[in-house]
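Geometric and topological summary
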Amino acid sequence: AEVSYIQKKQLTLANRILESKGYIILTKNELFYVQKEPFDQCIVISNDRILEIIDDDISEITRENNEEIFEISSLLMRIFSFQGNYTDYFKSDVKGDLNNWQVTLIPLEKTVKNIFSRIILEGDKELLKIEIHDRNNDQTLLLLSDYSYNNIKDESGVLKYRDK
């Protein structure tokens, strides 16, 4: 699936809101987070690595070289793709029905608790909004639209970074 996003990150201490735009491609085993504005960047999250690509410069994070970042990113991928079990990490509160739902995830596990105060997912037949509330009072809002399931455009050509 491919979906467009607008991300608004509220930085409380800096009293600023940073906005970015792009698209997300979700394959069976990977999530490609492609930022197009204000600059090009791609983050690829898979089961065994995270790539950050800026101007063809690739940084790789694995469990071996940064276990905490790897765990958090892998967990977020599972949440956003509705794959896997994350009940060890979060308590969930579900409201609504299939046409208008909200899931609030409250951290249980120590590492996750130190980073997030809560994550709120909202949607109807598709996930439309993700709110991530950090422990430091910053908030990230992701608005999702224009879902495509069969015609993946990949305008930036990031699928070339798929895990082999």
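Predicted model only: the values in this text are computed from it and were never measured.

1. Concerning the pattern of salt bridges
The final tally for this structure, using the stated rule, is six salt bridges. In this structure, Lys9 and Asp134 form a salt bridge, with 3.5 Å as the shortest nitrogen-oxygen distance. Within this pair, whereas Lys9 is found in strand 1 (residues 2–11), its partner Asp134 is found in strand 10 (residues 127–134), the two being separated by 125 residues in sequence. Measuring nitrogen to oxygen at the nearest pair gives 3.9 Å for the salt bridge that ties Asp93 to Lys95.

2. Looking at the side chain of Thr62
In this fold, Thr62 is placed in the loop between strand 6 (57–61) and helix 1 (67–80). Residue Thr62 is classed as buried on the basis of its relative accessible area, which comes to 15%.

3. Examining the nonpolar core
Grouped together as the largest cluster of nonpolar side chains are 28 residues, with contacts concentrated most on Ile79, Phe90, Leu105, Ile119, Leu121, Ile130 and Leu144. Among the secondary structure elements, those contributing two or more residues to this core are strand 1, strand 3 (30–37), helix 1, strand 8 (100–107), strand 9 (116–123), strand 10 and strand 11 (139–148). Beyond its immediate stretch of four places on either side in the chain, Leu105 contacts Ile79, Tyr86, Phe90, Lys91, Ser92, Arg118, Ile119 and Leu121. Phe32, Val44, Leu51 and Ile53 belong to the second largest nonpolar core, which has ten residues in total.

4. A short note on the pairing of strand 7 (residues 90–97)
Judged from the eight bridges that link them, strand 7 and strand 8 form a sheet pairing that is antiparallel. By the bridge assignment, Lys95 is partnered in strand 8 with Gln102. Hairpin connection from strand 7 to strand 8: two residues lie between these consecutive antiparallel strands.

5. Examining the pairing of strand 4 (residues 41–46)
When you tally the buried positions in strand 4, you get five out of six residues, the bulk of the element. Looking at chain direction, strand 3 and strand 4 are connected through six bridges and run antiparallel. When the bridges of strand 4 are listed, Leu31 appears paired with Ile45. Here strand 3 folds back onto strand 4, and the loop between the two strands holds three residues. Of the strand pairs in this sheet, strand 4 and strand 5 (residues 50–54) are connected by four bridges, and their pairing is antiparallel. When the bridges of strand 5 are listed, Ile43 appears paired with Glu52.

6. Comments concerning the packing of aromatic side chains
One pass over the structure, following the stated rule, counts two aromatic pairs. Ring centres of Tyr5 and Tyr33 lie 4.6 Å apart, and the angle between their planes is 20°; this geometry places the pair in the stacked category. Linking Tyr5 in strand 1 with Tyr33 in strand 3, this pair joins segments that are 28 residues apart in sequence. By the burial criterion, Tyr5 is buried, and Tyr33 matches it. Plain terms: the ring middles of Tyr147 and Tyr149 are 6.0 Å apart, the flat faces sit at 20° to each other, and that makes the pair stacked.

Here is what the cut-offs are and how they apply
Residues numbered from 1 in each chain as written. Predicted model: local features only at pLDDT ≥ 70, side-chain atom pairs only at ≥ 80, totals over all residues. Heavy atoms only, no water. Salt bridge = Lys/Arg side-chain N within 4 Å of Asp/Glu carboxyl O. Helix = DSSP H or I, 4+ residues; strand = E, 2+ residues; numbered from the N terminus. Buried < 20%, exposed > 50% of the residue type's maximum accessible area, 1.4 Å probe, protein only. Core = buried A, V, L, I, M, F, W, Y, C linked by side-chain atoms within 4.5 Å. Contact = heavy atoms within 4.5 Å. Pairing = 2+ DSSP bridges. Phe/Tyr/Trp six-rings, centres within 6.5 Å; stacked < 30°, edge-to-face > 60°.

All quantities given are derived from atomic positions and should not be read as evidence of function.
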